[in-house]
Each structure stands twice: as structure tokens, then as C-alpha cells.
Amino acid sequence: MNEDQALAVLQSAHITAETLAQFAKNPALTKSRKVRLALAIHPRTPRHVAIPLLRRLFTFDLMRVTLSPAAAADIKRVAEEQMLNRLEALSAGGKISLARRASGRVAAALLGDPDIRILSAALDNPRLVEVAVVSALMSDDATTFLFIAVSEHPKWAHRREIQIALLKSEKLPLERARKLAGHFAPGILREILPESRRAELAGEMKKAD
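Observations regarding the overall build of the chain
Tallying secondary structure elements over the chain gives 17 helices and zero strands in all. Against the globule reference of 17 Å for 209 residues, the chain gives a C-alpha radius of gyration of 23 Å, more extended than a compact globule. Across its three principal axes, the chain shows a C-alpha extent of roughly 75 × 30 × 25 Å. In the chain, which comprises 209 residues, the share counted as buried stands at 46%. Here the analysis covers contacts within the chain between residues at least 6 apart in sequence; of these, 51% occur between residues at least 24 apart.

Here you go:
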């Protein structure tokens, strides 16, 4: 059986878990990148077969697994873990591409990258969720670049919970903090601003009064 024939069989609605397991044991078939990917994604592939296959997939094939509606949730989680483990070894271009296209969890991990191009691409990822952005801002490892990028982003800069996370840190440039402070009542600002910033933003707090 060649690659095309194998892929045609893998698309059959009647293929069984036993047949899928037999395919995975065939080294001639699993040499094929497309066959390995199809086996990993197939919802009937046994877990003990699919998970080892994930380790043999290229990073961007792992991304396809995480985004496939057919793949089981636990297989997607393992594929994400594999991707996260490989991030440091990727080129900047590879990280930018993943930041734009990968799952929200992978995009969130790339918010911690010191390269402004990568974290900016991650912020544009449509699968990234607000709670992940807040978590990234609250991290001790968050960079000033992240605070600047989020505070200027057309989607995230206007979210209240994100504004609060921005104002809680001295990493947010003071001029940007002054602008955001105008959206909050003085009592709330006193609760969220770091003590070292309260004197600097006293004027904005009075205006809010």
C-alpha cells in the first residue's frame, strides 16, 4: 500500500481502531509525514498509538493536530505540550508563525518572548483569550515590551480587567498609566496602583474625583 492508498483508507468512515493500530505498526507507511499526521488526528486511533506518533510529528503538524476538530481533547493537550517544549529551539520566524496561527495556549506562552515581533503576533492571534493576557501581565517575567504592546493594542487595551492588570505594575510606562487612570474612580485607583505610583498619578486621581 502506498501513501495515497493509505490516506484514502484513513478517510473511510468505517475504519476500525484495530486497523489504525496496524497502520501505525507498518514502518513503510509511518515514514510518510501525511500518514503519521492522519493517524494522530483520527478520533479512533488508540491513545497508546496516537501519543507516540505525536513525538514524530513536525512542529507545524502538531499545530494542525491542536486545531483539528476531529482530534480528541487529550491528544490535543499532548500535542500542545510537545509544541511548548520545542519553542526555545524554533527560529524567530517559526515562533512568529506559531504566534499568529497556533492555539490560544501556545500564543499565550509566546507572550513571554522578549522579541516584540513575536509577542505582537501572539496578541493578534484570534484564539488568545483575555484571561491569558491578564496572566501574562501578572507574571514576574513579563517584559516592558509586553506592557507597551498590550496598552497600545486595539483589541486588548480597552478591556477593563486588562487595564487593571496594566495599572498594577510599574512596568507600564508612566504616560500610558496616566491615560488609563482616567478610566477609573479614585477609590479603585488607590486599590490597584502600586504604592510607588500613587504620588506620580495623584493629579489623575484628583481629576477622576
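Read on, since the account is not over.
Here's the deal with helix H4 (residues 33-41)
Every buried residue of H4 is accounted for by Val35, Arg36, Leu37, Leu39, Ala40 and Ile41. As for H4, its buried residues are in contact with helix H1 (3-10), helix H2 (17-25), helix H3 (27-30), helix H5 (47-54), helix H6 (59-67) and helix H7 (73-86). Its side-chain oxygen at 3.3 Å from the backbone nitrogen of Lys34, Ser32 defines the N-terminal cap of H4.

What to know about the environment of Asp113
Structurally, Asp113 can be placed in the loop between helix H9 (104-110) and helix H10 (116-123). For the pair formed by Asp113 and Ala6, sequence separation is 107 residues and the distance between their alpha carbons is 40 Å. Setting aside chain neighbours within four positions, we find Asp113 in contact with Lys95, Ile118 and Leu119. Looking at Asp113, its side chain comes within polar contact range of the main-chain nitrogen of Asp115, at 2.8 Å.

Regarding the packing of helix H12 (residues 144-151) against helix H13 (residues 160-167)
Where H12 meets H13, the axes come as close as 11 Å, and the angle between the chain directions of the two elements is 145°. Regarding H12 and H13, the two cross each other, and that crossing is left-handed. The segment H12 lies against H13, with Phe147, Val150 and Ser151 engaging Ile162, Ala165 and Leu166. Looking at side-chain class alone, the contact of H12 with H13 contains five nonpolar, one polar and no charged residues.

Examining the side chain of Ser169
Along the chain, Ser169 turns up in the loop between H13 and helix H14 (174-181). Setting aside residues no more than four positions away along its own chain, Ser169 makes contact with Phe147, Pro194 and Arg197.

Re the nonpolar core
In this structure, Val65, Leu137, Val150 and Leu167 are the most contacted members of the largest nonpolar core, which totals 53 residues. Core analysis: the next-biggest nonpolar cluster, separate from the first, contains twelve residues, Ala21, Leu29, Val49 and Leu53 among them.

How each quantity is defined
- Numbering of residues begins from 1 in every chain and follows the order in which that chain's sequence is written.
- Selection of residues for local features in this predicted model requires a pLDDT of at least 70, selection of side-chain atom pairs for listing and counting requires 80 or more, and totals for whole chains, interfaces and linings are taken over all residues.
- Excluded from the side-chain calculations are hydrogens and water; all other atoms, namely the structure's heavy atoms, are used.
- Numbering of helices and strands runs from the N terminus, with a helix taken as a DSSP run of H or I at least four residues long and a strand as a DSSP run of E at least two residues long.
- The globule rule used here is 2.2 Å times the number of residues to the 0.38 power, and the radius of gyration it is set against is calculated over C-alpha atoms.
- Each residue is placed in one exposure class: buried if its accessible area under a 1.4 Å probe, protein chains only, is under 20% of its type's maximum, exposed if it is over 50%, and partly exposed if it falls in between.
- Here, two residues are considered to be in contact whenever any of their heavy atoms come within 4.5 Å of each other.
- Any N or O atom pair separated by 3.5 Å or less is treated as a polar contact, with the protein-specific requirement of one donor-capable and one acceptor-capable atom, and with residues adjacent in sequence counted only for side-chain atom pairs.
- Fitted lines through C-alpha atoms serve as axes, helices being fitted only where they are in contact, and the angles separating the N-to-C directions of these axes extend from 0 to 180 degrees.
- For any helix crossing, the convention is left-handed if the near helix is rotated counterclockwise from the far helix by under a right angle, and right-handed if that rotation is clockwise.
- For this classification, the nonpolar set comprises Ala, Val, Leu, Ile, Met, Phe, Trp, Tyr, Cys and Pro, the charged set comprises Asp, Glu, Lys and Arg, and every other residue, Gly included, is treated as polar.
- Take the buried Ala, Val, Leu, Ile, Met, Phe, Trp, Tyr and Cys residues and link them wherever side-chain atoms come within 4.5 Å; each set so joined is a nonpolar core.

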